[in-house]
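Chains, contacts and geometry: an overview
So you can see what is in the structure, the chains are spelled out below.
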Amino acid sequence: MKIRSITVFCQPGFPVNRLLLQQVGIFANHARKLYQEAGFEVQSLRLATPPFEQFIAPVDLPLAAQSYAIEAHADGFDYISLGPISHDSKSWGMISEALSQSNRIFLSGQLTTPNGEVSLAAARACAETIVKLSTLEPTGFANLRFCALANVPPYTPFFPAAYAELGRPSFALSIEAADLAMEAFSSAETLAQASANLVQVVEVNAARLEAVAQRVSQMYSYEFKGLDFTLAPFPEDSKSIGKALEALGIEAFGMAGSLFASTFLTNTLDKANFKRTGFNGLMLPVLEDSGLAQRASEGSLSVEDLLLFSSVCGAGLDVVPLPGDTSSEELTPLLLDLAALSLRLNKALTARLMPIPGKKAGEMTNFDFAFFANSRIMPLKSAPLKGKMIGDQNVRIKPRKA
């Protein structure tokens, strides 16, 4: 188990408040030192601001992205999220220009409104942004730093979804802990034992993580928002959430029984007692997980399966490799499906979709990136919308009553 990130939430403004940035940088580096002394590996320090439109003029977004990339990095932050663009913004076109300034900058886009509506116009704008970003680099890699948000609250420490609200600085931890599930499930003889094993190991580690968090919180008077124990994977079989779920008894993740296994895991996490923020569910990032990448390559795991599992998981559709010629008109219906699911089930979901230039369905990716496992391009069963679904209206989706 590792700490994927110590994510600090604050609003240094623009031009950047150098004093505040230095202060939170000192805090973040001190927190990392304390966690390392407690025996935890910390992979990154990250900074998340409120939605950028609250403090940056859209025309200045590329300049602000460049400035934050330099100045926040100087204070020890590896990555910076400038938050989501609003569903009704007129400045979606600035996203790709801003992300082209630095590979340290992350952004996102709202598919839903604060009133529980799906925005048809935002889904279309987000799809157009994804297609545009796919052309910035030969591998389509820029889409790693952008996602669509549906019903996602602030203070989620995982990127690109992270954003803050106005107020004093605060912090949270995102956890890379698929190996805990792998160990807990592999060593169990029954489902009950598998559940008990995971609850125990999560609670033991959460208590240690929270003890350090409370200590550093008292030192700096920064609020500890909590842990996001979404069991993020790493592309090794021993750290694969796909392999962990198969250890429960599925022949291959994606086949019948996978929805039950996914629900079993998220239900188990719900039993664990710790201070929570963010998703705290099941993350299924295809390219970041060797087991999921393998099953996608074999054809047992599809985009439709991932959408189905989003009904019980935590993060939604994550780093899904799609054909390079996928159009925004084909992406829009998928984003609408995800947004509707998030509101109807009253849960946070994201979509980080990666059209890979020059690649067709069934062809292999060729990333040279330590955090990715190569996989086959996944076909997308989609066609452009027509008729009443191509308007700009917002559609209210009420959560289903129990």
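To be clear, the structure that these remarks concern was listed above.
Anyway, here's the lowdown on the structure attached to this text. (Residues numbered from 1 in each chain as written. Predicted model: local features only at pLDDT ≥ 70, side-chain atom pairs only at ≥ 80, totals over all residues. Heavy atoms only, no water.)

1. Concerning the side chain of Thr 326
Here Thr 326 shows up in the loop between strand 9 (316–323) and helix 11 (328–344). Here Thr 326 falls in the buried class, since its relative accessible area comes to 6%. Engagement of the side chain of Thr 326 in a polar contact is seen with the backbone oxygen of Pro 323, the distance being 2.7 Å. Contacts of Thr 326, omitting those with residues within four sequence positions, involve Val 131, Leu 331 and Leu 380. (Helix = DSSP H or I, 4+ residues; strand = E, 2+ residues; numbered from the N terminus. Buried < 20%, exposed > 50% of the residue type's maximum accessible area, 1.4 Å probe, protein only. Polar contact = N/O pair within 3.5 Å; in protein donor to acceptor, adjacent residues only side chain to side chain. Contact = heavy atoms within 4.5 Å.)

2. Notes on unusual backbone geometry
For the bond running from Phe 14 to Pro 15, omega is 0°, close enough to zero to count as cis. Among the structural elements, Pro 15 can be located in the loop between strand 1 (2–9) and helix 1 (18–37). You will see that Ser 221, though not glycine, has its phi angle at about 60°, which is positive. Tracing the chain through its elements places Ser 221 in the loop between helix 6 (191–220) and strand 8 (223–228). If you check the backbone angles, Leu 231 has positive phi at about 55° while not being a glycine. Along the chain, Leu 231 falls in the loop between strand 8 and helix 7 (241–246). A residue is classified by how much of its surface remains accessible, and Leu 231, at 0% relative accessible area, is buried.

3. Observations regarding the side chain of Ser 258
Structurally, the position occupied by Ser 258 is in helix 8 (residues 258–271). For Ser 258, a relative accessible area of 0% gives the class buried. In this structure the side chain of Ser 258 is engaged in a polar contact, spanning 2.7 Å, whose partner is the backbone nitrogen of Gly 254. Here Met 255 takes part through its backbone oxygen, which lies 2.6 Å from a polar atom of the side chain of Ser 258. When neighbours within four sequence positions are excluded, Ser 258 is seen to be in contact with Ile 250, Ala 252, Phe 253 and Phe 309.

4. Observations concerning the pattern of salt bridges
Taken as a whole and assessed by the stated rule, the structure comprises 14 salt bridges. Here Arg 18 makes a salt bridge to Glu 71, at a shortest N to O gap of 3.4 Å. One end of the pair, Arg 18, is in helix 1; the other, Glu 71, is in helix 2 (residues 61–74), and 53 residues separate them in sequence. On the basis of relative accessible area, Arg 18 is assigned to the partly exposed category, the value being 29%. Owing to a relative accessible area of 22%, Glu 71 belongs among the partly exposed residues under this scheme. (Salt bridge = Lys/Arg side-chain N within 4 Å of Asp/Glu carboxyl O.)

5. Examining the packing of aromatic side chains
Tallied over the full model, the rule gives 20 aromatic pairs. Ring geometry for Phe 9 against Tyr 155: centres 5.1 Å apart, planes inclined by 85°, an arrangement best described as edge-to-face. On the criterion of sequence distance, the pair formed by Phe 9 in strand 1 and Tyr 155 in the loop between strand 6 (146–150) and strand 7 (170–176) is long-range, its members being 146 residues apart. Ring geometry for Phe 234 versus Phe 371: centroids 5.5 Å apart, planes at 80°, classification edge-to-face. You can see Phe 234 sitting in the loop between strand 8 and helix 7 and its partner Phe 371 sitting in the loop between strand 10 (349–356) and strand 11 (394–396), a full 137 residues away along the chain. You can call Phe 234 buried: its relative accessible area is 13%. (Phe/Tyr/Trp six-rings, centres within 6.5 Å; stacked < 30°, edge-to-face > 60°.)

6. Concerning the pairing of strand 2 (residues 45–48)
Within a regular beta strand, the side chains point alternately toward one face of the sheet and then the other, so they alternate between its two faces. Here strand 2 shows no split at all, with Leu 45 and Leu 47 on one side and Arg 46 and Ala 48 on the other all buried. Sheet analysis places strand 1 next to strand 2, joined by 4 bridges and oriented parallel. Residue pairing across strands places Phe 9 opposite Ala 48, the latter belonging to strand 2. For the crossover that starts at strand 1, traverses helix 1 and ends in the parallel strand 2, the hand is right-handed. Taken together, strand 2, helix 2 and strand 3 (residues 79–85) form a β-α-β motif whose crossover is right-handed. (Pairing = 2+ DSSP bridges. Right-handed = clockwise from strand over helix to strand, strands pointing away.)

7. Quick word on helix 11
Taking 1.5 Å of rise per residue, 17 residues should cover 24 Å, and helix 11 covers 24 Å from first to last C-alpha, within 8% of that figure. Burial in helix 11 covers these residues: Ser 328, Leu 331, Thr 332, Pro 333, Leu 334, Leu 335, Leu 336, Leu 338, Ala 339, Ser 342 and Leu 343. Against the buried residues of helix 11 lie strand 5 (117–119), helix 4 (120–133), strand 6, helix 10 (303–309), strand 9 and strand 10. One or two positions beyond helix 11, positive phi appears at Asn 346, with a value near 55°. (Expected span 1.5 Å × (residues − 1).)

8. A word on the sheet that holds strand 8
With mixed pairing, 9 strands are arranged side by side in an open sheet as 8-7-1-2-3-4-6-10-9. Edge positions in the sheet fall to strand 8 and strand 9, since each of these pairs with one other strand and no more. Shown here is a sheet whose adjacent strand axes are inclined to one another by a mean of 25°, direction ignored. For strand 1 and strand 7, the ladder comprises 7 bridges, and the chain directions are antiparallel. Bridging across to strand 7, Ser 5 finds its partner in Ser 174. Contacts from helix 6 reach strand 1, strand 7 and strand 8 within the one sheet, and its direction differs from that of strand 8 by about 160°. Across the face of the sheet, helix 11 comes into contact with strand 6, strand 9 and strand 10 while running at roughly 165° to strand 10. (Axes fitted to C-alpha atoms, helices over the stretch in contact; angles between N-to-C directions.)

Bear in mind that shape data such as this cannot, by itself, settle questions of function.
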